[in-house]
Amino acid sequence: MDKLLENHQFATHAIAASASVSLGTGIAYPLDTIKTIIQVGSGPTKKLTPSQVVNRVLRVSGYSGLYSGLGWLTLGRISGVGARFGVYEILTAFYKDGRHGNYVQVSEAVLAGIVGGAAETVMTSPFELIKVRQQVTAASRATTVAETAPVVSPMIKNLLRRYTLDMKSLTQTVSLLSVLNHKHPNMAATLQEYPWMMTGTGNPPSAMDVKRPLDVASLEGVRALWRNLRSGLIRDCVYGGVFFGTWQFLHEAMIGWKAVGMNPLPSSEEEVGPLSPVAVSIAAGFAGAIAAAASHSFDTARTRAQCVILPKYIAKERKFLKWNKPGKRLERWTGIHPTDRTLLFRGIGTRMARSSVASTVIVGSYYLAVDLLVPK
């Protein structure tokens, strides 16, 4: 391990990879924000367009709203993409070991990509949840509360710090319950002691109020950072398998095309020589678009689930009552809510564009950085 850390070439490749991932994420991030808001804000009878989303974000948060949550996603992508490509390189090195010609079959690339996608999901899930909620906040107008509770109960304060109770909503709830017989002289003060009434209406807080890691951990628990992990695993496994399988197929096609004009014909890929970085980058962008289209339905299910606030006390109630998830068996297993059946492909074009741009920039900038930094 010490020899590996002392290897300057390894450090150079690591720096080039981190810089290329950061650059690709930053360039394609406005498309990711548009995609997320289309997925979360759409309904069965409400279909958002990219222009509507951009106008909404600019009106509420300005141009900075298009980059809300960029830092969290960049940290997650550096570790996640590194895990995806690292696992892929390790597995393909195992496949190529002892094989004449040093080549990888498309089926082997698909299997290695599936395993790499699973590793990426585990690494990026906490960062992705915070990123999604900050993106939703950028397009959500904060309601001006005229009157807030002067004193918040200790239980509610421990669940969600810096949260103020909307007394107007609580007063309306109390007025609805006033027709019932009660023994408490001050029903409003009594209801404030219960965490179920922390918003004054009985509903959990919105994603705008729970967008910090500490708030998520205190209100929903640490496990909520990996909310709906199963749909994320399926999404990234499908994405990784399709991406690396398509990329390997295009790589073989380009190798074959280049070898046609050579005389004598090469007997292995090593004799053909390296491909053009531009061609490899374009192939990666095309593979990213195909992979995004194949995995988009699971991405929509995961994104919408990450905006659902499930406090710990409600989760305990469901566990105590042995609450069953709605939907068919396949929907329950993949984490797709039955009400989202007609919404699974919303924003697919934007996600394909975002994935294509990010993949092209990441691969192209990585080749450029390695060419400039690594000595010949």
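Anything mentioned here points back to the structure above.
Throughout, residues of each chain are indexed from 1 in the direction in which the sequence is written. The predicted nature of this model means local features are confined to residues of pLDDT at least 70 and side-chain atom pairs, given and counted, to a pLDDT of 80 or more, with totals for whole chains, interfaces and linings taken over all residues. In computing side-chain properties, one takes all heavy atoms of the structure into account and sets aside hydrogens as well as water.

All right, on to the nonpolar core then. In this description, a nonpolar core means a group of buried Ala, Val, Leu, Ile, Met, Phe, Trp, Tyr and Cys residues linked to one another through side-chain atoms lying within 4.5 Å. Think of it in three bands: residues with accessible area under 20% of the maximum for their type are buried, residues over 50% are exposed, and the middle band is partly exposed, with areas taken using a 1.4 Å probe on protein chains only. Residues F243, F244 and W247 are the most contacted members of the largest nonpolar core, which totals 19 residues. Only runs of H or I of at least four residues qualify as helices and only runs of E of at least two qualify as strands under DSSP, and these elements are numbered from the N terminus. The set of elements that each furnish at least two residues to this core consists of α5 (106-138), α10 (229-260) and α12 (277-306). Here a residue-residue contact requires only that any non-hydrogen atoms of the pair lie within 4.5 Å. Leaving out residues up to four positions away in the same chain, F244 has contacts with R84, F85, Y88, A109 and G113.

Once that is clear, we can look at the packing of aromatic side chains. A pair of Phe, Tyr and Trp rings is counted when the ring centres sit within 6.5 Å of each other, with Trp represented by its six-membered ring. The angle between the planes then sorts it: under 30 degrees is stacked, over 60 is edge-to-face, the rest tilted. Inspection of the entire model under this criterion finds 11 aromatic pairs. With a centroid separation of 6.4 Å and an interplanar angle of 15°, the aromatic rings of Y29 and Y67 are classed as stacked. In this pair, Y29 is assigned in helix α2 (residues 8-41) and Y67 in the loop between α3 (50-60) and α4 (70-96), connecting sequence segments 38 residues apart. With relative accessibility at 0%, the residue Y29 sits in the buried group.

Attention now moves to the environment of P326. For P326, the position within the fold is in the loop between α13 (312-320) and α14 (329-334). C-alpha of P326 to C-alpha of T339: the two residues are 13 residues apart in sequence and 9.4 Å apart in space. For P326, the contacting residues outside a window of four places in its chain are R332, H337 and P338.

On the surface, L23, I27 and V357 cluster together into a nonpolar patch covering about 230 Å² of accessible area. Looking at the secondary structure, you find L23 in helix α2. What goes into a patch is any residue over 30% in relative accessible area without a salt bridge, connected to like charges within 9 Å or, for nonpolar side chains (Val, Leu, Ile, Met, Phe, Trp, Tyr), within 5 Å. Every accessible area reported is derived by Shrake-Rupley at a probe size of 1.4 Å, with residue values counting cover from the shown protein chains alone. Salt bridges are counted wherever a side-chain nitrogen of Lys or Arg sits within 4 Å of a carboxyl oxygen of Asp or Glu.

As a further point, take α4. Taking 1.5 Å per residue, 27 residues should reach 39 Å; α4 reaches 37 Å between its end C-alpha atoms and fits that length. To obtain the bend at a residue, axes are fitted to the seven residues ending there and to the seven starting there, and the angle between these axes is taken. Bending of α4 peaks at approximately 25° at the position of R77. Residues of α4 that are buried: L73, T74, G76, R77, G80, V81, A83, R84, Y88 and T92. Positive backbone phi, approximately 80°, marks G98, located one or two places after α4. Here the expected length of a helix is defined as 1.5 Å per residue gap, with one fewer gap than residues.

What follows is about helix α15 (residues 348-373). For α15, with 26 residues, the first-to-last C-alpha span of 37 Å sits near the 38 Å given by 1.5 Å per residue. Every buried residue of α15 is listed here: T350, R351, R354, S355, A358, S359, V361, I362, V363, S365, A369 and V370.

In short, geometric facts, not functional conclusions.
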